[in-house]
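Remarks on the overall topology
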Amino acid sequence: MPDLTEAVVNLAKRRGFVFPSSEIYGGFRSTWDYGPLGVLLKRNVMEAWWRAMVQERDDIVGLDAAILMAPKVWEASGHLATFSDPLVDCRKCKERWRADQIGDTCPNCGSKDLTEARPFHLMFKTHVGPVEDEGATAYLRPETAQGIFVNFANVLQTSRKKPPFGIAQQGKSFRNEITPGNFIFRTREFEQMEMEFFVPPADGQKWFEYWCEERLRWYVDLGIPADKLRLRHHDPEELSHYSTGTADVEFAYPWGWGELEGVANRTDYDLTQHSKFSGERLEYYDQAANERYVPHVIEPAAGVGRSMMAFLLAAYDEDEVGGEKRVVLRLHKKLAPYKVAVLPLSKKDTLTPTAREVLGLVQKHFMADYDETQSIGRRYRRQDEAGTPFCVTVDFESIDDRAVTIRDRDTLAQERVPIDGLVEELRARLA
Ligand code: GAP
């Protein structure tokens, strides 16, 4: 598909997945709001991650730390000193760019008259309290990870976990990106899903390899074709200030391979730094071996917007049904915003009580939509575009035979099932 990005962006806006933020004021600098379908997709992505990383394991626990943290955290973590991108200005057209992304030519006007690159700090600065002096400075976190490191001792003590174990967190992060873009791929406010896995130092490499494979598999299990995913190991000069090894899980976006998630070996860097700056001991005492050590950390760090973008791009499809073009989002059932749509065949009042009864039944178990406007064909198309795996049609016979028709988004097969067994049938199909 030549303009897949455009098709997906249009669909996302048209169907209420994503709206430009503050749109009635002309939008605001690459920030986006998630609409009724988008918020469901987003929650499903985050829920699938939480399930895989926390619920279905006994070696990872969750955390929800504050966005605002003591400024010392960012001194200790190295972000205050090093978290910047190289900024260049084009002297001809005045556009600003990240030097590492453009080489020696302005992508806007082709001029080679660029300023020297200078570091541009990516953390958003604000003030806490009524006085805007230096002592009141605070930063919006640029990664959720530090909230985990500063709570390492709290979690160790209260959860009674021991290495190898992990702490997982989802939440907003902020970076004053020089060039946000590609829709929700790179934004200044974004949501992360990060997990810090604490291991005995000698086991770092083994766990790094384990998490690379696990995280790659997560995307495949949720429907992204394996040939659209790859692991790319960073060259030494690409590594972040804290890392001895990083691999990106990359997706084949229409504009080229791009990072979906980073898996990094952060060694004992963060715990050691926070120990130095806070004066607290951040280590593990292994009673059996009678030894203390600072665990090494393996970190899979994913982005919610980036994965949503990848899931949408991978799911977008066009085919032909009854001689007409159909747009269909073949989203994995776990990710689909609505699992079921209840559609009375006609808007006639006689159908409403049965249709509403069916909605009431399924709504208790699955996110369901109800639609009675326009022709049934148009309504199927609308649900296909939203990625709804199953439509349940209530017709005039339903009133007497207490049965409804289930239509499958992908096979288009229709099957009549009793209302009494509908929830069980849907549960089996959605499993
Ligand atoms: N704690 C490690 C860390 O933050 P990162 O590679 O800078 O590592 C992890 O970020 C993930 O967060 C990225 O792979 C991406 O999915 C997401 N992410 C980072 N910056 C982003 C941005 N400006 N917009 C959207 N997502 C972003």
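Before going into details, it helps to say that this report is about the structure given with it. Everything quoted here is computed from the prediction, not taken from an experiment.

A separate point is the sheet that holds strand S5 (residues 96–98). Taken in spatial order, the 3 strands of this open sheet run S5-S4-S6, and their pairing is antiparallel. If you trace the sheet from one side to the other, it starts and ends with S5 and strand S6 (118–121), each paired once. Averaged over all adjacent pairs, the angle separating strand axes in this sheet is 50 degrees, with direction ignored. In this sheet, S5 lies alongside strand S4 (residues 84–89) in antiparallel orientation, the contact comprising 3 bridges. In the strand pairing of S5, Leu87 is matched with Arg98.

Our next topic: unusual backbone geometry. Along the chain, Pro163 connects to Pro164 via a cis peptide bond; the corresponding omega equals 5 degrees. The residue Pro164 is located in the loop between helix H7 (152–159) and strand S9 (165–174) in this model. In this model, Gln374 sits at a positive phi of 65 degrees, which is unusual for a non-glycine residue. Phi angles above zero are rare outside glycine, and Arg402 is one such case at about 50 degrees. Position of Arg402 among the secondary structure elements: in the loop between helix H13 (396–401) and strand S22 (403–408). Classification of Arg402 as partly exposed rests on a relative accessible area of 34%.

In this structure, Trp211, Trp218, Tyr219 and Phe311 are the most contacted members of the largest nonpolar core, which totals 59 residues. No other element matches the 9 residues that helix H2 (residues 36–55) contributes to this core. Sequence-distant contacts of Phe311, that is, excluding residues within four places in its chain, are made with Val45, Trp218, Tyr219, Leu222, Ile224, Leu331 and Leu335. One finds Leu351, Tyr370, Phe390 and Leu422 within the second-largest nonpolar core, a separate group that totals 21 residues.

As a structural note, the neighbourhood of the ligand is formed by 21 residues, with Glu143, Glu177, Thr187, Glu194 and Glu259 the closest of them. The side chain of Glu259 places a nitrogen or oxygen atom 2.6 Å from an oxygen atom of the ligand. One of the side-chain N or O atoms of Glu299 is found 2.9 Å from a nitrogen atom in the ligand. The protein chains hide 91% of the 550 Å² of surface that the ligand would expose on its own. At 5 residues, the largest contribution of residues to the shell around the ligand is made by strand S13 (residues 256–267).

Turning our attention to the environment of Leu122. With respect to the helices, strands and loops of the structure, Leu122 is situated in the loop between S6 and strand S7 (125–127). A residue is classified by how much of its surface remains accessible, and Leu122, at 4% relative accessible area, is buried. For the pair formed by Leu122 and Asp85, sequence separation is 37 residues and the distance between their alpha carbons is 7.2 Å. The contact partners of Leu122, leaving out residues within four places of it in the chain, are Phe83, Ser84, Asp85, Phe174, Arg175, Asn176 and Glu177.

Our next topic: the packing of aromatic side chains. A full pass over the atoms with the stated rule returns 18 aromatic pairs. Between Trp218 and Phe311 the ring centres are 6.1 Å apart and the planes differ by 70 degrees, which places this aromatic pair in the edge-to-face class. Taken together, the positions of Trp218 in helix H8 (residues 204–221) and Phe311 in helix H10 (residues 304–315) put the pair 93 residues apart, joining distant regions of the chain. In textbook terms, an aromatic cluster arises when at least three aromatic residues are bridged by ring pairs, as seen for Phe149, Phe152, Phe165 and Phe198. Arg407 extends its terminal NZ or CZ atom over the ring of Tyr380, reaching a point 4.2 Å from the ring centre.

Counting buried residues along strand S16 (residues 296–303), 8 of its 8 residues qualify, which places the element largely inside the surrounding structure. Side chains of S16 alternate between two faces, with His296, Ile298, Pro300 and Ala302 and Val297, Glu299, Ala301 and Gly303 buried alike. Across 6 bridges, S13 lies against S16 in antiparallel orientation. Within S16, the position partnered with Gly262 by the bridge is Ala301.

Where nonpolar side chains cluster on the molecular surface, the patch consists of Leu345, Phe396 and Ile399 and spans about 240 Å² of accessible area. Looking at the element boundaries, Phe396 is found in helix H13.

Analysis parameters
- Residues numbered from 1 in each chain as written.
- Predicted model: local features only at pLDDT ≥ 70, side-chain atom pairs only at ≥ 80, totals over all residues.
- Heavy atoms only, no water.
- Pairing = 2+ DSSP bridges.
- Helix = DSSP H or I, 4+ residues; strand = E, 2+ residues; numbered from the N terminus.
- Axes fitted to C-alpha atoms, helices over the stretch in contact; angles between N-to-C directions.
- Buried < 20%, exposed > 50% of the residue type's maximum accessible area, 1.4 Å probe, protein only.
- Core = buried A, V, L, I, M, F, W, Y, C linked by side-chain atoms within 4.5 Å.
- Contact = heavy atoms within 4.5 Å.
- Near = heavy atom within 4 Å.
- Polar contact = N/O pair within 3.5 Å; in protein donor to acceptor, adjacent residues only side chain to side chain.
- Areas by Shrake-Rupley, 256 points an atom, 1.4 Å probe, with all protein chains shown as cover.
- Phe/Tyr/Trp six-rings, centres within 6.5 Å; stacked < 30°, edge-to-face > 60°.
- Lys NZ or Arg CZ within 6 Å of the ring centre and 35° of its normal.
- Patch = residues over 30% accessible without salt bridge, like charges linked within 9 Å, V, L, I, M, F, W, Y side chains within 5 Å.
- Salt bridge = Lys/Arg side-chain N within 4 Å of Asp/Glu carboxyl O.

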